[in-house]
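Report on the structure
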There are 2 protein chains.
Amino acid sequence: QLVDLVLEHFAPKVLPLEGVSLVITAGPTREPIDPVRYISNHSSGKMGFALAEAAVQLGAQVTLIAGPVQLATPAGVKRIDVVTADQMYQVALEQAISAHIFIGCAAVADYKVAQVATQKLKKTSDDSTSLTLVKNPDIIAAVAALTSQRPFTVGFAAETQDVANYARQKLVKKKLDLICANDVSLSNQGFNSEQNALTVFWADGEQQFGLQAKTELAQQLLLLINERYLHEKSH
Amino acid sequence: QLVDLVLEHFAPKVLPLEGVSLVITAGPTREPIDPVRYISNHSSGKMGFALAEAAVQLGAQVTLIAGPVQLATPAGVKRIDVVTADQMYQVALEQAISAHIFIGCAAVADYKVAQVATQKLKKTSDDSTSLTLVKNPDIIAAVAALTSQRPFTVGFAAETQDVANYARQKLVKKKLDLICANDVSLSNQGFNSEQNALTVFWADGEQQFGLQAKTELAQQLLLLINERYLHEKSH
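I will try to describe carefully the structure that is included in this document. Everything numeric in this text was worked out from a predicted model, so none of it was measured.

The rules behind these values
Residues numbered from 1 in each chain as written. Chains lettered and ligands numbered in written order. Predicted model: local features only at pLDDT ≥ 70, side-chain atom pairs only at ≥ 80, totals over all residues. Heavy atoms only, no water. Pairing = 2+ DSSP bridges. Helix = DSSP H or I, 4+ residues; strand = E, 2+ residues; numbered from the N terminus. Axes fitted to C-alpha atoms, helices over the stretch in contact; angles between N-to-C directions. Least-squares fit on C-alpha atoms with pLDDT ≥ 70 in both. Contact = heavy atoms within 4.5 Å. Buried area = accessible area lost by both parts, 1.4 Å probe. Salt bridge = Lys/Arg side-chain N within 4 Å of Asp/Glu carboxyl O. Polar contact = N/O pair within 3.5 Å; in protein donor to acceptor, adjacent residues only side chain to side chain. Nonpolar A, V, L, I, M, F, W, Y, C, P; charged D, E, K, R; others polar. Phe/Tyr/Trp six-rings, centres within 6.5 Å; stacked < 30°, edge-to-face > 60°. Buried < 20%, exposed > 50% of the residue type's maximum accessible area, 1.4 Å probe, protein only. Lys NZ or Arg CZ within 6 Å of the ring centre and 35° of its normal. Parallel < 35°, antiparallel > 145°, perpendicular 65-115°, else oblique. Left-handed = near helix turned anticlockwise from the far one by under 90°.

On to the sheet that holds strand 7 (residues 111-113) of chain A. A sheet is described by the order of its strands in space; here 4 strands give the open sequence 7(A)-8(A)-8(B)-7(B), paired in antiparallel fashion. Pairing within the sheet leaves two strands with one partner each, and these edge strands are strand 7 of chain A together with strand 7 (111-113) of chain B. Taking the axes of each pair of neighbouring strands and ignoring which way they run, one obtains an average angle of 45° across the sheet. Summarising the sheet, strand 7 of chain A and strand 8 (residues 128-135) of chain A pair through 3 bridges and their orientation is antiparallel. Along strand 8 of chain A, the bridge assignment pairs A:Lys112 with A:Val134.

The following block contains the structure:
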């Protein structure tokens, strides 16, 4: 009995995500209009960075693909910075094929400007003008559609209304393994906040996480993601 | 002679901008598309904040109207935060009428979105879409057009080409007293940089300031602005 205690004490701790490699995207993307103007969104990157930090602490190998954010790289994380959705798409696909789990937490712009001006656009005498936008590639759908070396694919849905419904639709339409939905219309959670609440959906289940610090939420979410990943792998 | 030295030593120092009140706008504006997306620009607000800080040090009373930036308020500065060009316009006009000098350093969006969506816009099945933009009010031109309580009005021109030409045109067209022009196509100066170089134009003169820290440039620029302000006032 004493021997058992001694052995347990000196045994290397096996962390729950030991040997698991994750690719996480975080932050907004920024789509240029001209050399000074751009379209972006309110994503702060905090949730994705919290996931990257928690994943390393849980023993995972983490590559973090970050849009333009004002955040320090968590210790032990390999970070790749990008600006536009096109850049994030390219890096994400390159990295995804060597990962076990891909978490698309970035708020990728759905559209980019059709014709990016090389010089600053001058104000015209017209009272109105219009900007033609074209669709960006759908990163998470492209990862989920990989036919070989496809990672377990986790998406996020930031919605302002009818959250559960849109999230379930997105899960099916994009062939994701799991989707984390949050309501960004509530001012105390989601974008730019330190806190978040999420509901996670997968094909035959769901789980709610109440409002809490993004750092704590990140750890609980990763344990659930890992559990679902291991479950899928064994089937 | 000794008496003179003693008197000089104990005399209160008169700072060059003592008794002068300034209103300075700084940073970008952010024009919402829907609750999560927006149009903005690369202005960091550093030049405007450096001007506010230097003006207080030179003895002025300073009100700083700031767009969304990640900067601390300089000591002694009264700061008013705004987001959109419409908000900045309203606050700027309110403040301008009680100031001696107005410096429009903010990179105000020329256009805003015609119809801001109250819910997050969903991606449609169309490959392209368009965003209708309408002109924002021209803040600096409105201040310069005040017929009573008009402050000495200083504008900025951030250009990527033919800088001097556009700046001179803007000076005349907007009826400014002085305009500070910089070339934001050069990566080591202007937007988001710690350094800047400027050429200042007024009706019958111009002055160049070489590449230097924005903090140093701010002080030199304010002394020139004050000199031109006193010159105009005495005529």
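That covers the picture; the talk isn't over yet.
Superposition of chain A onto chain B requires a rotation of 180° combined with a translation of 0.0 Å along the rotation axis, giving an RMSD of 0.2 Å. Considering both components of the superposition, the chain copies are consistent with a two-fold axis. When each C-alpha of chain A is compared by its distance to the rotation axis, A:Ile39 comes out closest, at 2.2 Å. Most of the interface of chain A is mirrored in chain B: 100% of its interface residues are interface residues there too.

Taken together, the 38 residues of chain A in the interface contact 38 residues of chain B. Broken down residue by residue, the surface that chain A buries against chain B is led by A:Tyr38, A:Lys123 and A:Lys135, which jointly contribute 17%. In this structure, A:Arg37 and B:Asp110 form a salt bridge, with 2.7 Å as the shortest nitrogen-oxygen distance. Our enumeration of links across chain A and chain B arrives at 19 residue pairs in polar contact (both at pLDDT 80 or more). It is strand 8 of chain A that provides the largest number of residues to the side of chain A that touches chain B, a total of 8 residues. Taken together, the residues that form the side of chain A that touches chain B break down as 13 nonpolar, 13 polar and 12 charged.

For the rest of this paragraph, the subject is the packing of aromatic side chains. Residues and elements named next belong to chain A. Applying the stated criterion across every chain, the model contains 2 aromatic pairs over all chains. Geometrically, the ring pair formed by Phe152 and Tyr229 is edge-to-face, given 6.0 Å between the ring centres and 65° between the ring planes. Linking Phe152 in strand 9 (residues 152-159) with Tyr229 in helix 6 (residues 214-233), this pair joins segments that are 77 residues apart in sequence. By the burial criterion, Phe152 is buried, and Tyr229 matches it. A cation sits over an aromatic face here: Arg30 above Tyr38, 4.4 Å from the ring centre.

By the secondary structure assignment, A:Thr25 is in strand 1 (residues 21-26). Contacts of A:Thr25, omitting those with residues within four sequence positions, involve A:Ile65, A:Met88, A:Phe102, A:Ile103, A:Gly104, A:Cys105 and A:Ala106.

Right, let's talk about the packing of helix 2 (residues 46-57) of chain A against helix 6 of chain A for a bit. Residues and elements named next belong to chain A. Relative to each other, helix 2 and helix 6 sit at 60°, their axes nearing to 8 Å. One finds that helix 2 runs oblique with respect to helix 6. Regarding helix 2 and helix 6, the two cross each other, and that crossing is right-handed. Where helix 2 approaches helix 6, its residues Lys46, Met47, Ala50, Leu51, Ala54 and Ala55 are matched on the opposing element by Lys214, Thr215, Leu217, Ala218, Gln219, Leu221 and Leu222.

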